[in-house]
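So you can see what is in the structure, the chains are spelled out below.
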Amino acid sequence: TVPFILDTDTAQDDCVAIVASLLDPEADLRAITMVAGNVGFDRQVRNAQMTLSAAGRLGTVPIHLGCRRPLVLPWVSAENVHGDGSGGLDMDFAETVTEDEHGVDALIRLTAESPGEISIVAIGPLTNIAMAAVKDPDFVGNVKSLVIMGGSNNGRGNITAAGEFNFYVDPHAAHVVFEAGFRDITVVPWAPLTLNDAVFSREQLAGIEAIGTPLARFFLTVCGPTLEFDESVGIPGTTHPDSLSVGVLLHPELVTEARGYHVAVETGSELTRGYSAMSWGVHGLEPNARVVEGVDAASFHAWISELLATETTPS
Ligand code: BDR
Ligand code: CA
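Once a new chain begins, its residue numbering starts again from 1 and follows that chain's sequence as written. To read the labels, note that chains go from A and ligands from 1, taken in the order they are written. The predicted nature of this model means local features are confined to residues of pLDDT at least 70 and side-chain atom pairs, given and counted, to a pLDDT of 80 or more, with totals for whole chains, interfaces and linings taken over all residues.

Another aspect to go through is the overall build of the protein chain. Comment: elements are numbered from the N terminus, with helices defined as DSSP H or I runs of at least four residues and strands as E runs of at least two. Counting its secondary structure elements, the protein chain contains 13 helices and 11 strands. Over its C-alpha trace the protein chain gives a radius of gyration of 18 Å, about what one expects of a compact globule, namely 20 Å for 315 residues. Exposed residues have 12 or fewer other C-beta atoms within 10 Å of their own C-beta, buried residues have 20 or more, and residues in between are partly exposed; the C-beta atoms are placed from the backbone. Burial analysis of the protein chain (315 residues in total) assigns 53% to the buried set. The reference for a compact globule is 2.2 Å times residues^0.38; the radius of gyration itself is calculated from the C-alpha atoms.

What follows deals with the environment of Thr51. Residue placement: Thr51 occurs in helix H2 (residues 41-54). Each C-alpha atom, one on Thr51 and one on Pro74, is 28 Å from the other, the two residues being 23 residues apart in sequence. Setting aside chain neighbours within four positions, we find Thr51 in contact with Thr10, Cys15, Ile18 and Val19. We call two residues in contact whenever the C-beta atoms placed from their backbones are within 7 Å.

On to the environment of Cys15. Mapped onto the elements of the fold, Cys15 is located in helix H1 (residues 13-23). For Cys15, a count of 29 C-beta atoms within 10 Å gives the class buried. Taking the C-alpha atoms as reference points, Cys15 and Met50, 35 residues apart in sequence, are found 8.8 Å from one another. Other than its neighbours up to four places away in sequence, Cys15 contacts Thr10, Asn47, Thr51, Ser86 and Val222.

Moving on: the site of ligand 1. Placing a C-beta atom from the backbone of each residue, we mark the residue near a molecule or strand if the atom is within 6 Å of it. Surveying the vicinity of ligand 1 reveals 14 residues, the closest of which are Asp13, Ala78, Phe165, Trp190 and Asp242. Secondary structure elements with two or more residues in the shell around ligand 1: H1, helix H7 (165-169) and helix H12 (241-250). Under the convention adopted here, Pro, Cys and the residues Ala, Val, Leu, Ile, Met, Phe, Trp and Tyr are nonpolar, Asp, Glu, Lys and Arg are charged, and Gly plus all remaining residues are polar. Within the shell around ligand 1, the residues separate by chemical class into seven nonpolar, three polar and four charged.

This next bit is on unusual backbone geometry. Cis geometry marks the peptide bond from Ala191 to Pro192, where omega comes out at 0°. Structurally, Pro192 can be placed in helix H9 (residues 190-197). Here Gln12, not a glycine, exhibits a phi torsion of approximately 45°, which is positive. Topologically, Gln12 is positioned in the loop between strand E1 (2-8) and H1.

With that settled, the discussion passes to the sheet that holds strand E11 (residues 289-295). The criterion for strand pairing is that DSSP finds at least two bridges linking the strands in question. In spatial order, the strands read E3-E2-E1-E4-E5-E6-E11-E9-E10; together these nine strands make up an open sheet with mixed pairing. Each of the sheet's edge strands pairs with one partner strand only, and the pair in question is strand E3 (63-65) and strand E10 (276-279). Ignoring strand direction, the axes of neighbouring strands in this sheet form an average angle of 30°. The pairing of strand E9 (residues 255-265) with E10 spans four bridges and is classified as antiparallel. Residue pairing in the sheet places Ala264 in a bridge with Ala277 of E10. Note on definitions: angles span 0 to 180 degrees between N-to-C directions of axes, and those axes are lines fitted to C-alpha atoms, for helices only across the stretch in contact.

At their nearest, the axes of helix H10 (residues 202-211) and helix H13 (residues 297-308) sit 9 Å apart, and the two run at 25° to each other. On the basis of their axis angle, the class for H10 and H13 is roughly parallel. In the crossing of H10 with H13, the sense of the turn from one axis to the other is right-handed. Where H10 approaches H13, its residues Gln204, Gly207, Ile208 and Ile211 are matched on the opposing element by His301, Ser305 and Leu308. Of the residues that constitute the contact of H10 with H13, the class distribution is three nonpolar, four polar and no charged. An angle below 35 degrees is read as roughly parallel, one above 145 as roughly antiparallel, one from 65 to 115 as roughly perpendicular, and any other as oblique. Handedness of a helix crossing follows the sense of rotation of the near helix relative to the far helix, less than a right angle counterclockwise being left-handed and clockwise being right-handed.

Attention now moves to the environment of Asp138. For Asp138, the location among the structural elements is in the loop between helix H5 (127-135) and helix H6 (139-142). Asp138 sits in the exposed class, given 12 other C-beta atoms within 10 Å. Residues Asp138 and Thr111, spaced 27 residues apart in sequence, show a C-alpha to C-alpha distance of 9.4 Å.

Let's shift gears to H5. Within H5, seven of the nine residues are buried, which leaves it mostly tucked inside the rest of the structure. Buried within H5 are the following residues: Thr127, Asn128, Ile129, Ala130, Met131, Ala132 and Ala133. Here the buried face of H5 lies against E1, strand E2 (27-34), helix H4 (103-113), strand E4 (118-122), H6 and helix H8 (171-179).

This paragraph deals with the packing of H1 against H12. Running from N to C, H1 and H12 cross one another at 25°; their axes reach a closest spacing of 7 Å. For the element pair H1 / H12, the angle class is roughly parallel. Between H1, through Asp13, Asp14, Val16, Ala17, Ala20 and Ser21, and H12, the contact on the second element is made entirely by Pro241, Asp242, Ser243, Ser245, Val246 and Gly247. Tallied by class, residues from the contact of H1 with H12 come to five nonpolar, four polar and three charged.

Dropping the structure here:
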């Protein structure tokens, strides 16, 4: 199994990433750390708890609350895309415990306890990861590998023309992380990869409805708002880069194309804030990350469907 920590701004596709992190037999999820991003911070925590509950795993994985705002800039939400992040879901459950230890300290401690063994999948703004790197000089060396959902390698943004949401919200944190010297960074970009390979069309969603489990229904509920938004901007379905990022860690065979790039994130310009410049070798810059350029989309969809077929008892 693969030991890892999931750093998340839990809404919609983050919920699905949590489901995969809990239920995939390869996954050894050590902690969830929360970061400011998609929707209000406390709502994100509740979305994470509802996801654990829907998967029948509430109380089995510690949830640590991390940074409540980006490093330098004010927080920007994606509530126009995600609504409350869980399609209006309101669940009653017995336990809503979060840890006292801050998310940044949990990232530092857990990786220090098993140096070189724990990976991190970061599916929100990179504030917690940057803070951990700044706070403890050993953190970077202790992390086995870091999978980052963020940026685009065709210049196309989803919150501005050039800015992908996670890098746009905290470009300074992204800058710190790409300069920090992590030994193994994999980037799962929003475009073109997500648009090519990680969209669930209405037809595929009908297939998920036919699965009929509570988890499949949970998936459809949390994806509802983004389906509407994505379709309104011409994307033929709901986008799932976050669960794909977990898939890339747990099932590297999903990746069909990847190459090394030097990734740098724009912090100085309002027009191109969060833009990820991915230099492919002719500019004399050494690669600092592997960027996923293609995945086996059919296997990715089948993997999610299989997980959603798990019979769970919401706790
Ligand atoms: C990313 O931004 C968020 O809205 C999604 O959860 C995903 O992590 C895509 O740009
Ligand atoms: Ca996310």
